[in-house]
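Topology and contacts: notes
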Amino acid sequence: LKDASGASKLSFVGLRLGATLAAQAAAARSDVAGVVLWDPVVDGAAYVAEVPDGPLVAHHRPSVDVLFRSVAEAAGQNAVGVILTGMGEDGARGLVDMRRAGAYTIAEDESTAVVYGMPAAALRMGGVHASLPLDLIAPRITRLVQDPRP
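Residues numbered from 1 in each chain as written. Predicted model: local features only at pLDDT ≥ 70, side-chain atom pairs only at ≥ 80, totals over all residues. Heavy atoms only, no water.

**Concerning the overall build of the chain**
Rules: Working definition: helices are DSSP H or I runs of at least four residues, strands are E runs of at least two. Numbering for both runs from the N terminus. Here's how the labels work: a residue is buried when its accessible area is under 20% of the maximum for its type, exposed when over 50%, partly exposed in between, all with a 1.4 Å probe on protein chains only. In this description, contact between two residues means that some pair of their heavy atoms is separated by no more than 4.5 Å. What sets the accessible areas is the Shrake-Rupley method with a 1.4 Å probe; for residues, cover comes only from the shown protein chains.
When helices and strands are counted, the chain shows 5 helices and 5 strands. Starting at the N terminus and ending at the C terminus, the chain contains elements arranged as β-α-β-α-β-α-β-α-β-α. Looking at the chain residue by residue over its 150 residues, the buried ones come to 31%. A fraction of 70% describes how many contacts in the chain between residues 6 or more apart in sequence connect residues 24 or more apart. When the accessible surface of the chain is split by element, carbon and sulfur atoms take 58% of a total near 8600 Å².

Next up, the structure:
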């Protein structure tokens, strides 16, 4: 979130889907092109996460764990990880990896989560700095970008 001089840096994450996943997404929503493109307005890093057609990871494709591990390796302390409502544990181990790499991590609080499985697993595994209700997550991310880490 900050460069060596302390200036705020924003990172953008895009998702590039494999051919099969892109076709499935396009079939589900006509406005999905399979590639997310952006034009960064501010100086920062741009990351593209590719989701190739391939085997399931922990019963999922795309897997949140794989995404979060990639972010931990590529961005380390310059990332913020957020895990929201969801069933199971996908993403929990990856969020732990992000926290260990220095990223600030947030889980949706049980009070607003429709299904508390994924956030609860991340909390139980020690991957969460803050557990927040949904309406407080965006303000926390904004503060993290603008101010030094808590």
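Read on for the rest.
**Focus: the sheet that holds strand β3 (residues 80-83)**
We count it as follows: When DSSP finds two or more bridges between two strands, those strands count as paired. Orientation is described by lines fitted to C-alpha atoms, with helices fitted over the stretch in contact, and by angles between N-to-C directions that extend from 0 to 180 degrees.
On the basis of which strands lie adjacent, the open sheet formed by 3 strands has the order β3-β4-β5 and parallel pairing. With partners counted over all chains shown, the strands left at the sheet margins are β3 and β5 (130-132), one partner each. Neighbour to neighbour, the strand axes of the sheet diverge by 25° on average, direction disregarded. Relative to β5, strand β4 (residues 104-108) runs parallel, the two being bridged by 3 bridges. Note on β5: the bridge partner recorded for Ala107 is Ser131. Along the sheet, helix α3 (residues 92-100) makes contact with β3 and β4, crossing β3 at roughly 160°.

**Comments concerning helix α5 (residues 134-146)**
As a reminder of what qualifies: Here the arc refers to the directions that run from the helix axis out to each C-beta atom.
The set of residues buried in α5 consists of Ile137, Arg140, Leu144 and Val145. Relative to the axis of α5, the buried residues are bounded by an arc of 135° and lie together on one face. Those residues of α5 that are exposed and aimed more than 90 degrees away from the buried face are Asp135 and Gln146.

**Thoughts on the environment of Glu108**
We count it as follows: Two N or O atoms form a polar contact when they lie within 3.5 Å of each other; inside protein one atom must be a possible hydrogen donor and the other a possible acceptor, and for residues adjacent in sequence the pair counts only when both atoms belong to side chains.
For Glu108, the location among the structural elements is in strand β4. With a relative accessible area of 2%, Glu108 lands in the buried category. One polar contact links the side chain of Glu108 to the main-chain amide nitrogen of Thr85, over a distance of 2.9 Å.

**Remarks on the nonpolar core**
The condition is simple: In this description, a nonpolar core means a group of buried Ala, Val, Leu, Ile, Met, Phe, Trp, Tyr and Cys residues linked to one another through side-chain atoms lying within 4.5 Å.
Core analysis: the biggest nonpolar cluster contains 15 residues, and Ala79, Ile83, Leu95, Met98 and Ala122 have the highest contact counts within it. Of all the secondary-structure elements, those providing two or more residues to this core are α2 (64-75), α3 and α4 (117-124). Element by element, the count of residues in this core is highest for α2, at 4 residues. Here Ala122 is in contact with Ile83, Ala92, Leu95, Gly127 and Val128, once residues within four sequence places are set aside. Of all hydrophobic cores here, the second largest spans 6 residues; its members include Tyr104, Ile106, Ala130 and Leu144.

**Details of the pairing of β4**
Stated precisely, the cut-off is as follows: Throughout, right-handed denotes a crossover for which the path from the first strand over the helix to the second runs clockwise when the strands point away from the viewer.
Taking burial as the measure, the 5 residues of β4 include 5 buried ones, the bulk of the element. A two-sided burial pattern is seen for β4, the buried positions comprising Tyr104, Ile106 and Glu108 on one face and Thr105 and Ala107 on the other. Relative to β4, β3 runs parallel, the two being bridged by 4 bridges. Its bridge partner lying in β4, Ile83 is registered against Ala107. Read as a crossover between parallel neighbours, the route from β3 over α3 to β4 is right-handed. As for the winding sense of the linkage, the β-α-β connection from β4 through α4 to β5 is right-handed.

**As for the pattern of salt bridges**
Rules: By convention in these notes, a salt bridge is any Lys or Arg side-chain nitrogen within 4 Å of a carboxyl oxygen on Asp or Glu.
Applying the stated criterion across every chain, the model contains 3 salt bridges. Among the salt bridges present, the one from Arg69 reaches Asp97, with a minimum N-O distance of 2.9 Å. With Arg69 in helix α2 and Asp97 in helix α3, this residue pair connects regions lying 28 residues apart in the sequence. The partly exposed category is assigned to Asp97, whose relative accessible area is 25%. Two residues, Arg124 and Glu89, come together in a salt bridge whose shortest N-O distance is 3.0 Å.

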